[in-house]
Amino acid sequence: MKIRMKICLAIFATAWVLVHGGCATFKPPSIAAVPFQERAQTQQKNGVRVNAAVLSEKESRAAFGVPLYSKGVQPVWIEIANSRNEPVWFLPYGIDPDYFAPLEVAYKFEFGYSKKGTQELNRHFFKNGVRAYVSPETIRSGFVFTNLDQGTKSFNVDVINDDKSLETFTFFIAVPGLKVDHHKVDFERLYP
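Residues numbered from 1 in each chain as written. Predicted model: local features only at pLDDT ≥ 70, side-chain atom pairs only at ≥ 80, totals over all residues. Heavy atoms only, no water.

## Side note on the packing of aromatic side chains
Enumeration over the complete set of coordinates arrives at ten aromatic pairs. Their ring planes at 80° and their centres at 5.1 Å tell us that Phe64 and Phe143 sit as a pair that is edge-to-face. You can see Phe64 sitting in helix H2 (residues 57-64) and its partner Phe143 sitting in strand E6 (residues 138-147), a full 79 residues away along the chain. Phe143 matches Phe64 in its accessibility class, with the two residues each being buried. Centroid distance Phe64 to Phe145: 5.4 Å. Interplanar angle 70°. Geometry classified as edge-to-face. You can see Phe64 sitting in helix H2 and its partner Phe145 sitting in strand E6, a full 81 residues away along the chain. Like Phe64, the residue Phe145 is buried in the burial classification. Looking at Lys45, its charged tip hangs above the ring of Phe169, at a distance of 5.2 Å from the centre. Taking NZ or CZ as reference, Arg131 lies 4.5 Å from the ring centre of Phe126, over its face. (Phe/Tyr/Trp six-rings, centres within 6.5 Å; stacked < 30°, edge-to-face > 60°. Helix = DSSP H or I, 4+ residues; strand = E, 2+ residues; numbered from the N terminus. Buried < 20%, exposed > 50% of the residue type's maximum accessible area, 1.4 Å probe, protein only. Lys NZ or Arg CZ within 6 Å of the ring centre and 35° of its normal.)

The structure is reproduced here in structure tokens:
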């Protein structure tokens, strides 16, 4: 009889967790409150300016409300200022050929949220993903969700225009929060 009681209690507890555990809501955090833009790198060519920053594990969680690094996702912030008289398109493939779409990242964290919470989660990621089209005389910014790189993240930001000419901006950005030995080496004095 005691074994049946324990089994019934275990089944009841599991059912309760499944029913009530999925009722959590998602409250989108304020990305503006995360100071990653202060250390953004900037490059400019032929009427296009690109700013880029890589978020640390702590900044990613503060900006998106979920532990992105635990799923191997690293957000890269891109801002493209187009001062040309023609539109340009941003090609995210240069940052990471296997980048994640915003809703693909949100899907990794949907379990445990209510229907409304899942919608808010999806909306937050979709709203903050970078868009490809940058019209003339405008600035467009957002995130590309890349595979996790520790230490230094190297990538290209590729921008193309109507006549199919390509501008490539190459970045090497140190990821905050990880102390890497090669940053301490004085290569000039290492070998005489």
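From this point, things continue past the structure.
## A look at the nonpolar core
Residues Val50, Ile78, Ile80, Phe155, Val157 and Phe171 are the most contacted members of the largest nonpolar core, which totals 21 residues. If you list the elements that add at least two residues to this core, you get strand E2 (48-54), strand E3 (73-82), strand E4 (88-91), strand E7 (152-161) and strand E8 (166-174). Top contributing element to this core by residue count: E2, with four residues. Excluding its chain neighbours within four sequence positions, the residues that come into contact with Ile78 are Val50, Asn51, Ala52, Ile95, Val130, Arg140, Ser141, Gly142, Val144, Phe155 and Val157. Among the nonpolar cores identified, the runner-up in size contains 20 residues, and Ile31, Trp77, Phe100 and Phe125 belong to it. (Core = buried A, V, L, I, M, F, W, Y, C linked by side-chain atoms within 4.5 Å. Contact = heavy atoms within 4.5 Å.)

## Some words on the confidence of the model for the protein chain
Overall, the prediction assigns the protein chain a mean pLDDT of 88, with 83% of residues at 70 or greater. For the protein chain, helix H1 (residues 2-21) is the element with the lowest average pLDDT, namely 59, and E2 is the one with the highest, namely 98. (pLDDT = per-residue confidence, 0-100.)

## Side note on helix H4 (residues 115-128)
When the terminal C-alpha atoms of H4 are compared, their 20 Å separation across 14 residues agrees well with the 20 Å that a helix rising 1.5 Å per residue should span. The complete set of buried residues in H4 reads Gly117, Thr118, Leu121, His124, Phe125 and Asn128. Considered in projection along H4, the buried side chains sweep an arc of 125° and stay on one side of the axis. For H4, exposure combined with an orientation more than 90 degrees from the buried face picks out Lys115, Lys116 and Lys127. In this structure, the buried residues of H4 make contact with H2, helix H3 (102-107) and E6. (Expected span 1.5 Å × (residues − 1). Arc of directions from axis to C-beta.)

## Looking at the side chain of Glu79
Structurally, Glu79 is set in strand E3. Side chain to side chain, Glu79 and Arg49 meet in a polar contact 3.4 Å long. Among the polar contacts listed, one links the side chain of Glu79 to the side chain of Asn51, at a separation of 2.6 Å. Other than its neighbours up to four places away in sequence, Glu79 contacts Arg49, Val50, Asn51, Ile139, Arg140 and Ser141. (Polar contact = N/O pair within 3.5 Å; in protein donor to acceptor, adjacent residues only side chain to side chain.)

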